[in-house]
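Residue-level listing of the chains:
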Amino acid sequence: MLVTIGAFGALLVTVCMLAPLVGSTRISLARAFSQSVPFADNVDAQIFFIARLPRVVGAALVGAGLAAAGVVFQALLRNPLAAPETLGVSIGASVGAVVAITFLPSFSIGGISAVPVASFTGSLGALAIVYGLSAARSRGMSSTVLLLGGVVLTSFLGAILTLIQYLADVSQTFRTVRWLMGSLDVGSYPPIVAALVPLACAAVGYATLPRALDLLSLGPEAAAARGVDVVRAERVALVSASLSTGAAVSLAGPIGFIGIVVPHLVRLMVGADHRLVLPASALFGAAFLIGCDLIARTAFAPLELPVGIVTAMIGGPFFLWLLFRRSR
Amino acid sequence: MLTISDVAFAYGDRAILHGVSFAVPRGHIVGLLGPNGSGKTTLLRIIAGTLAADRGRVDIDGVSVAAMSRRDIARRIAVVPQETHSTFDFTVEDIVLMGRYPHLGAFELEGADDRRIAHEALRATGTDTLAPRRFATLSGGEKQRVVIAGALAQASDALLLDEPTASLDLGAQLDIAALLARLHRERGTTMVVCTHDLNFAASLCAELVLIRDGRILARGETGSVLTPANVAALYDVRADVAFHPGAQHLTVVPIARA
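Nothing here was measured: the structure is a model prediction, and the numbers come from that model. (Residues numbered from 1 in each chain as written. Chains lettered and ligands numbered in written order. Predicted model: local features only at pLDDT ≥ 70, side-chain atom pairs only at ≥ 80, totals over all residues.)

So, the overall build of chain B
Across its full length, chain B carries nine helices and twelve strands. The globule rule puts the C-alpha radius of gyration for 258 residues at 18 Å, and the 18 Å found for chain B is close to it. In terms of principal-axis extent, the alpha carbons of chain B reach across some 55 × 45 × 30 Å. Looking at chain B residue by residue over its 258 residues, the buried ones come to 45%. (Helix = DSSP H or I, 4+ residues; strand = E, 2+ residues; numbered from the N terminus. Rg over C-alpha atoms; globule rule 2.2 N^0.38 Å. Buried ≥ 20, exposed ≤ 12 C-beta atoms within 10 Å, placed from the backbone.)

Right, dumping it as structure tokens:
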């Protein structure tokens, strides 16, 4: 078990080391770390530390957060096609971000604009609505109500999103559209540090979950009979998955398909045991998104594609293949 | 010893159980019979502690289930549902090892002892050759034997079975009945079995509890409880009850709606 997780860790480390070196401008690692040239004159160091490293670190955090959330939502809803998008968490984050872009364009504290804060708040708000619905509707939590609530909330918030865009002026709409495409153009470290806080909380929650998720995937009644405190496990799972989705979306916008493609690929590689699937998905999700961002940066260089386009181009066909394979 | 004392339960204002009491001594098999909606599955869930009674209590060896943690209950009571679906591609061995959950710490992996207990459970249910197979690819009867193996791996004192044969074909039904009888004979496992299959109940259970509309209609030894009069009162069905010399237990042949 540790060997497998180690292998995924090694993959991530390798990708992290190589990715900052690749790009439209060729740089030398030796020169980037050279002490003899002052930072202001060291172009290699500037490209490495300002343009590329935050991007790679951001991609790693976003990829890990979305993939882990996907694993948890799939086990919780007993639906292998569930994803962070399914419960309306992503669209909630989008509404928050679009409100901030449109109505608070110049707000900023400590290098962090209102956008990540608002999108994070939006994601948790959406979850609170869906969870409240589900808890009110039945004793405990019903996965059917969660799914339906998520679908309804997604289309409702989608309408609000369109309304705000319709009312906003052209430059704001342009920013909104770019944000909704998903991009890892982080550009500085404060947003990354800010995202680390909810991600760390989520990681603590995730650490307690894997075996409970195995049992929950057989149904809440079966899990309870085997000794799982179902209400508590479901709550920890939902809150952790929402924190990590919220943090990821606030950092990079709604990047699609990571939460569904990565857990499936990992399950094909390591089996169903969540003690492997959860950590391996986080590591592989990080490596996968760094890879996608590499394609986004280099495919049409010097033009940079929003990374959401790349993940959707890979994820869409993969999702269809998965559906086709399952229906046979 | 499993003691159910004056257990009552209602979903909203729809009363399901009105004060049900009976005891299951250690090593006994008790069959729970009753028509749909009689409250037997609700009762089973209350005994398993997955549903809280509105009134009354369930005790295991004198300790109230309501006062125990989920983990403590699972070390004493295991449940076999009618059907088990696996969302993900777990192997048979995975499913049985999950039975060790209540015995492991939060971050503990299964050790050699847990694996030995799981493999012993696989052997006891005749599923050891299925261990590497994917659970989803098994037949209904094989799945049910694997789920029973998982329940055995839980190493609990009592086994609650909710219609364990309802979705199985005739041969698999007999396999499960024979397996449960053997587990009872060899290990003295205490069992409470909910079922609609009167012949299955008669073959397996020495005692029966008949429940209708949330109340106990009759209880006692199978031979004295399983009578045409009680079957009529329980299901509104006229039936013949006779000892079958080939099967060596009572058999019930339904004749018509009473």
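Examining the overall build of chain A
Helix and strand counts for chain A stand at 14 helices and two strands. The C-alpha atoms of chain A give a radius of gyration of 20 Å, which matches the 20 Å a tight globule of 328 residues would have. When its C-alpha atoms are laid out on the principal axes, chain A stretches across 65 × 55 × 40 Å. Looking at chain A as a whole, 50% of its 328 residues are labelled buried. The long-range share in chain A, meaning contacts at least 24 apart out of those at least 6 apart in sequence, stands at 77%. (Contact = placed C-beta atoms within 7 Å.)

Some words on the interface of chain B and chain A
Contact with chain B, which involves 21 residues of that partner, is made by 20 residues of chain A. If you list the elements that add at least two residues to the side of chain B that touches chain A, you get helix H2 (70–76) and strand E6 (77–80) of chain B. No other element matches the three residues that H2(B) contributes to the side of chain B that touches chain A.

Points about the sheet that holds strand E4 (residues 55–60) of chain B
All names here are of chain B. Strand order in the open sheet formed by four strands is E2-E1-E4-E5, with antiparallel pairing between adjacent strands. Two strands bound the open sheet, and with one partner strand each, they are strand E2 (14–24) and strand E5 (63–64). Direction of pairing for strand E1 (residues 2–11) relative to E2: antiparallel, over a ladder of seven bridges. Residue tyrosine 11 lies in a different strand from E2, and its bridge partner there is arginine 14. On the sheet, helix H1 (residues 40–47) packs against E1, E2 and E4 and is oriented at approximately 120° with respect to E1. (Pairing = 2+ DSSP bridges. Axes fitted to C-alpha atoms, helices over the stretch in contact; angles between N-to-C directions.)

Quick notes on the nonpolar core
One finds A:Val62, A:Val72, A:Ile290, B:Ile47, B:Val96, B:Leu160 and B:Val193 to be the most contacted residues of the largest nonpolar core, which totals 178 residues. Per element, the largest residue contribution to this core is 16 residues, and it comes from helix H3 (residues 43–76) of chain A. (Core = buried A, V, L, I, M, F, W, Y, C linked by C-beta atoms within 7 Å.)

Structural notes on the sheet that holds strand E3 (residues 29–33) of chain B
All names here are of chain B. With mixed pairing, the six strands of this open sheet are ordered in space as E6-E7-E8-E3-E9-E10. Two strands bound the open sheet, and with one partner strand each, they are E6 and strand E10 (215–221). Within this sheet the neighbouring strands show an average axis-to-axis angle of 15°, counted without direction. Of the pairings in the sheet, the one linking E3 to strand E9 (residues 207–212) comprises four bridges and is parallel in character. By the bridge assignment for E9, valine 30 is matched with glutamate 207. Contacts between helix H5 (residues 140–153) and the sheet are confined to E6 and strand E7 (158–162), with E6 contributing the most and set at about 170° to the helix. Its contacts with the sheet put helix H9 (residues 228–235) on E3, E9 and E10, and the angle it makes with E10 is roughly 155°.

Overview of helix H1 (residues 2–18) of chain A
The α-helix advances 3.6 residues per turn, and as a result positions three or four apart in sequence lie on the same side. All names here are of chain A. Between its first and last C-alpha, H1 extends 24 Å over 17 residues, near the 24 Å set by a 1.5 Å rise per residue. By the burial criterion, the buried members of H1 are Phe8, Leu12 and Val15. The buried residues of H1 all sit within an arc of 65° when viewed along its axis, so they share a single face. Exposed side chains of H1 directed beyond 90 degrees from the buried face belong to Leu2, Val3, Gly6, Ala10, Val13, Thr14 and Met17. Elements that come into contact with the buried residues of H1 comprise helix H13 (274–298). (Expected span 1.5 Å × (residues − 1). Arc of directions from axis to C-beta.)

As for the confidence of the model for chain B
Residues and elements named next belong to chain B. In the predicted model, chain B carries a mean pLDDT of 93, and the fraction of residues at 70 or more is 100%. Averaged over each element, pLDDT in chain B is lowest for helix H6 (residues 170–187) (92) and highest for E3 (96). Here the predicted complex carries an ipTM of 0.89, next to a pTM of 0.89. (pLDDT = per-residue confidence, 0-100.)

Some thoughts on the environment of B:Leu130
All names here are of chain B. Position of leucine 130 among the secondary structure elements: in the loop between helix H4 (112–124) and H5. On the neighbour-count criterion, leucine 130 (22 C-beta atoms within 10 Å) is buried. Residues leucine 130 and valine 92 lie 38 residues apart in sequence; the distance between their C-alpha atoms is 6.6 Å. Residues within four places of leucine 130 in sequence aside, it is in contact with Val92, Leu138, Glu142 and Val146.

Describing the environment of B:Cys205
Along the chain, B:Cys205 turns up in the loop between helix H7 (198–204) and E9. Leaving out residues up to four positions away in the same chain, B:Cys205 has contacts with B:Ile29, B:Val30, B:Gly31, B:Val193 and B:Thr222.

Describing the pairing of E10(B)
All names here are of chain B. As judged from the six bridges shared by E9 and E10, these two strands associate in the antiparallel manner. Opposite isoleucine 211, over in E10, you have isoleucine 216 as the bridge partner. Hairpin connection between E9 and E10: a loop of two residues separates the two successive antiparallel strands, and aspartate 213 in this loop has a positive phi of roughly 50°.

Points about the pairing of E4(B)
Residue and element names in this part refer to chain B. Summarising the sheet, E1 and E4 pair through five bridges and their orientation is antiparallel. For isoleucine 4, the partnering residue across the bridge sits in E4 and is valine 58. As defined by bridge partners, E4 adjoins E5 across two bridges and the pair is classed as antiparallel. Note on E5: the bridge partner recorded for isoleucine 60 is valine 63.

Concerning the packing of helix H4 (residues 89–103) of chain A against helix H11 (residues 230–252) of chain A
All names here are of chain A. For the pair H4 and H11, the least separation of the axes is 10 Å and the interaxial angle reads 40°. The orientation of H4 with respect to H11, classified from their angle, is oblique. For the pair H4 and H11, the crossing hand works out as right-handed. Contact with H4, carried on its side by Val89, Ser90 and Ala93, involves Ser242, Thr245, Gly246, Val249 and Ser250 of H11 and no other residues of that element. When grouped by side-chain class, the residues that make up the contact of H4 with H11 number three nonpolar, five polar and no charged. (Parallel < 35°, antiparallel > 145°, perpendicular 65-115°, else oblique. Left-handed = near helix turned anticlockwise from the far one by under 90°. Nonpolar A, V, L, I, M, F, W, Y, C, P; charged D, E, K, R; others polar.)

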